[in-house]
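Architecture and fold: a report
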Amino acid sequence: MVVKMKNKVGEIRPGQLITTFGPGAIIDSVNDSLMILDILYWDKAKDIIYDKNLANFLGKHYFKKVPATGEKADLPVIPFPFYHECSNTKCRQLFDIRDNFSGSDYCEKIREYLEKGPRCPSCNWKAHPARFVLSCEDNHLEDFPWKWWAHGKKHKECNGRLILSSAGDSSGLESLSVKCECMESGKSLRGALDPKSFKGYKCRGSHPHKLEFNGECGKDVIPLQRGASNVYFAAIRSAISFSNDSHIKELLIKHQNALIQWEQKRGENGLKDYYEVNFEGKVFKDFNHFYNEWIRFKGNKSGEKLNYKQIKEFEYEKFTGFKDKIKIPKENPEFEAEVQPVPIELQRYFSKIIKVHRLKEIMVLLGFMRNESPEPEVENPKEIVWLESGTEEKWLPAVETFGEGIFIEFNRETVNSWLQSVEDKSKKFSAVYDRWIEKKGWTKLEDRNALYVMMHTLSHLLIKQLSLKSGYSSVAIKERIYCSETMAGILLYTGSADQEGTLGGLVEMGSIDKFREILDEALEEAMFCTNDPVCSNLEVDEENDLNGSACFACSMISETSCEVGNRLLDRSLVVPLQDSMIKPYFDGLI
């Protein structure tokens with residue numbers, strides 16, 4: 001018998017899945033908390049996204065769009081944590097929801113769960129997911145061991161009911177206790193979030209999003225609140241896409257298995273027959289164009305891998321490599337920009353200011369970490385849990401965001417002269433950053449000197465001012481820093497994965513008269529902080545998140561907008577501060 005039922009249990013936007021609620025994250029829906037399964041189980045993800053540089057960097061063949069509309073957008077989920085607590089104050093039973101889905105009436109129980117949410121097996125009142133989970137340094141996740149705790153932190157085979165009760169004399173964990181029917185008294189939850197309380201308990205190596213629940217781990221466990229931010233850190237890589245031939249690549253990826261078969265059977269003639277039936281009069285100019293693209297496509301699969309610096313260099317060249325206006329491609333452009341004239345008084349500081357009317361960013365979800373944020377900018381971040389497609393064709397989930405922005409290129413001659421004047425400060429930032437990277441065990445890709453800190457701080461200051469006048473909140477505006485011996489620029493941009501573009505409010509601020517006003521206000525605001533003189537006297541330190549004179553009152557923004565998590569900021573490198581002996585980059589402008 002086939003049972004049809006409504007199986008929708010919640011909604012999230014494609015952009016949210018990439019950044020916040022990907023496979024392995026705990027999602028609060030209307031009736032329960034859920035976890036999206038690994039991409040191995042995504043049988044409805046069909047649409048392909050192709051970006052040559054990003055695919056090469058990550059060692060993947062292509063990416064797939066997160067399904068977004070209709071029944072084809074369904075993604076598989078499981079309830080997690082499995083343990084739930086009854087909302088009836090006279091019951092308060094703790095139970096594993098998996099036990100509810102057994103027996104001959106399995107389908108009826110599933111139907112009831114989908115319609116009404118989790119229910120207590122004893123009194124049928126509504127139940128809520130348990131508050132605590134366990135993780136470990138290897139990013140595993142499992143239910144809190146309620147039975148182990150109720151039995152005095154001992155492993156005991158027992159089928160007794162678990163009851164969670166509250167003494168009501170305080171709001172702390174010490175007023176809560178869990179009791180098993182086989183025990184005379186309950187055990188207090190004091191210390192339930194202290195790793196020292198779990199000395200006799202070892203991680204069981206569970207990855208719920210992979211449906212793996214009894215792996216081999218044995219590491220010490222780390223107790224966490226179910227809704228805590230350190231339960232899930234997404235590992236994301238992104239790139240600004242300028243591809244002239246992305247549609248061609250997507251078409252070849254879609255037809256590649258058939259093309260290989262026709263080529264193996266009849267060689268070039270087989271390809272010609274397939275071209276005439278499927279491609280003639282479409283994307284390709286003629287068969288020769290198709291054939292050359294097919295040969296190039298096959299060769300690119302084994303090309304030399306790029307690093308993230310090379311991706312940024314490619315983007316930087318695109319932003320700075322034209323004189324007046326540019327459209328890529330010319331028809332239905334995905335990238336469109338125009339150069340603004342830099343006023344004489346700003347030419348000492350900037351060599352180019354560019355209004356980016358349209359751009360496309362591709363954001364790819366690699367996997368995730370728990371307890372610690374993942375290593376940035378490398379193609380293979382250490383210790384992350386990778387998403388696995390389970391197929392010969394390697395892919396990852398991604399979203400395309402279409403938006404607008406402002407690109408600023410700094411005057412290299414002024415930058416080099418200024419770096420010499422702040423050499424000691426620059427070396428201090430580099431040294432502190434190097435120690436921090438070494439302590440993390442990460443790979444150092446680029447030096448983080450005074451130039452990076454200055455540009456990064458200015459980026460934050462501009463985002464704060466742009467949020468007041470552009471119509472976008474500071475959370476919606478993101479930054480991209482281009483810093484090396486050959487690059488000195490910042491991109492401030494916004495975009496949406498859920499619509500074909502944005503409203504033009506940000507790019508309008510790139511007009512010179514409005515940009516000059518934004519810049520002046522940003523620099524003036526930065527000269528004073530409500531936390532001065534404490535903030536202005538801060539020195540770069542690991543304990544200060546690698547920051548100098550910077551705090552949330554003056555320089556920090558939402559971490560989702562920042563490239564490096566509100567690290568490497570210092571106002572004294574941008575504007576003159578009281579009692580500061582550092583020469584700021586914009587010395588003489590204000």
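Since this is a predicted model, take the numbers as computed values, not measurements. (Residues numbered from 1 in each chain as written. Predicted model: local features only at pLDDT ≥ 70, side-chain atom pairs only at ≥ 80, totals over all residues. Heavy atoms only, no water.)

Our next topic: the pattern of salt bridges. Across all of its chains, the model carries 34 salt bridges by this definition. A salt bridge links Lys210 to Asp38, with the shortest nitrogen-to-oxygen separation between them at 3.0 Å. A residue pair is termed long-range when its members are at least 10 positions apart, and Lys210 in the loop between strand 13 (187-188) and strand 14 (221-225) and Asp38 in the loop between strand 2 (33-36) and strand 3 (48-49) qualify at 172 residues. Of the residues examined, Lys210 reaches a relative accessible area of 12% and is grouped as buried. Judged by relative accessible area, which is 2%, Asp38 ranks as buried. The partner of Glu542 in a salt bridge is Arg435, with the nearest N and O atoms 3.6 Å apart. With Glu542 in the segment after helix 12 (512-526) and Arg435 in helix 9 (residues 423-440), this residue pair connects regions lying 107 residues apart in the sequence. Judged by relative accessible area, Glu542 falls into the partly exposed class, the value being 23%. We classify Arg435 as partly exposed; its relative accessible area is 44%. Connected via shared salt-bridge partners are Lys65, Glu334, Lys360 and Glu400. (Salt bridge = Lys/Arg side-chain N within 4 Å of Asp/Glu carboxyl O. Helix = DSSP H or I, 4+ residues; strand = E, 2+ residues; numbered from the N terminus. Buried < 20%, exposed > 50% of the residue type's maximum accessible area, 1.4 Å probe, protein only.)

Now for a nonpolar patch on the surface. Residues Leu40, Tyr41 and Leu211 make up a contiguous nonpolar surface patch of about 250 Å² in total accessible area. Mapped onto the elements of the fold, Leu211 is located in the loop between strand 13 and strand 14. Using a relative accessible area of 38% as the deciding quantity, one classes Leu211 as partly exposed. (Patch = residues over 30% accessible without salt bridge, like charges linked within 9 Å, V, L, I, M, F, W, Y side chains within 5 Å. Areas by Shrake-Rupley, 256 points an atom, 1.4 Å probe, with all protein chains shown as cover.)

Where strand 16 (residues 325-328) meets strand 17 (residues 335-340), 4 bridges bridge the pair, whose relative direction is antiparallel. Each residue of the ladder has a partner; that of Lys325, found in strand 17, is Glu338. Two successive antiparallel strands, strand 16 and strand 17, enclose a turn made up of 6 residues, where Asn332 displays a positive phi of approximately 50 degrees. Bridge count between strand 17 and strand 18 (residues 350-369): 5 bridges; the pairing is antiparallel. Each bridged residue has a counterpart across the sheet, and for Gln340 the counterpart in strand 18 is Ile353. (Pairing = 2+ DSSP bridges.)

Owing to its 3.6 residues per turn, the α-helix aligns residues three or four sequence positions apart on the same side. Among the residues of helix 3 (residues 106-116), Ile110, Tyr113 and Leu114 are the ones counted as buried. Looking down the long axis of helix 3, one finds its buried residues gathered within 95 degrees of arc, a one-sided arrangement. Away from the buried face of helix 3 by more than 90 degrees, exposed residues Glu108 and Glu115 are located. The secondary structure elements touched by the buried residues of helix 3 are strand 2 and strand 5 (77-79). Positive phi appears at Gly117, one or two residues downstream of helix 3, with a value of about 85 degrees. (Arc of directions from axis to C-beta. Contact = heavy atoms within 4.5 Å.)

On to the nonpolar core. The biggest cluster of nonpolar side chains holds 58 residues, and the ones touching the most others in it are Phe350, Phe410, Met454 and Phe586. Only strand 18, strand 20 (395-410), helix 8 (412-421), helix 9, helix 10 (450-469), strand 21 (478-483), strand 22 (488-496) and helix 12 provide two or more residues apiece to this core. Apart from residues no more than four positions distant in its own chain, Met454 is found in contact with Phe410, Trp418, Leu573, Val574, Tyr585 and Phe586. Counting 39 residues, the second largest nonpolar core, distinct from the first, contains Ile18, Ile36, Ala239 and Trp395. (Core = buried A, V, L, I, M, F, W, Y, C linked by side-chain atoms within 4.5 Å.)

The subject of this paragraph is the sheet that holds strand 6 (residues 83-86). Hydrogen bonding along the main chain pairs the strands of a sheet, whether they run parallel or antiparallel. Spatially, 6 strands are ordered 8-6-7-11-12-13 in an open sheet, and the strand pairing comes out antiparallel. Unpaired on one side and paired on the other, strand 8 (127-129) and strand 13 mark the two borders of the sheet. As defined by bridge partners, strand 6 adjoins strand 7 (residues 93-96) across 3 bridges and the pair is classed as antiparallel. Of the residues in strand 7, the one forming a bridge with Glu85 is Leu94.

For the rest of this paragraph, the subject is the packing of aromatic side chains. Each aromatic ring pair is characterised by the separation of its centres together with the angle its planes make. Inspection of every chain in the model, using the stated rule, returns 33 aromatic pairs. When the ring of Phe57 is compared with that of Tyr308, the centres are 5.4 Å apart and the planes differ by 40 degrees; the resulting orientation is tilted. Here Phe57, found in helix 2 (residues 52-58), pairs with Tyr308, found in helix 7 (residues 308-320); they are 251 residues apart in sequence, far enough to count as distant. Each member of the pair, Phe57 together with Tyr308, is buried. Relative to Trp442, the ring of Trp436 has its centre 5.5 Å away and its plane inclined at 80 degrees; by these criteria the two rings are edge-to-face. Summarising the burial analysis for this pair, Trp436 and Trp442 share the class buried. Through a chain of ring-to-ring contacts, the aromatic side chains of Phe132, Phe144, Trp146, Trp148, Trp149, Phe198 and Tyr201 assemble into a single cluster. Positioned above the aromatic ring of Phe82 is the side chain of Arg98, whose terminal nitrogen or guanidinium carbon lies 3.9 Å from the ring centre. Looking at Lys312, its charged tip hangs above the ring of Tyr482, at a distance of 5.8 Å from the centre. (Phe/Tyr/Trp six-rings, centres within 6.5 Å; stacked < 30°, edge-to-face > 60°. Lys NZ or Arg CZ within 6 Å of the ring centre and 35° of its normal.)

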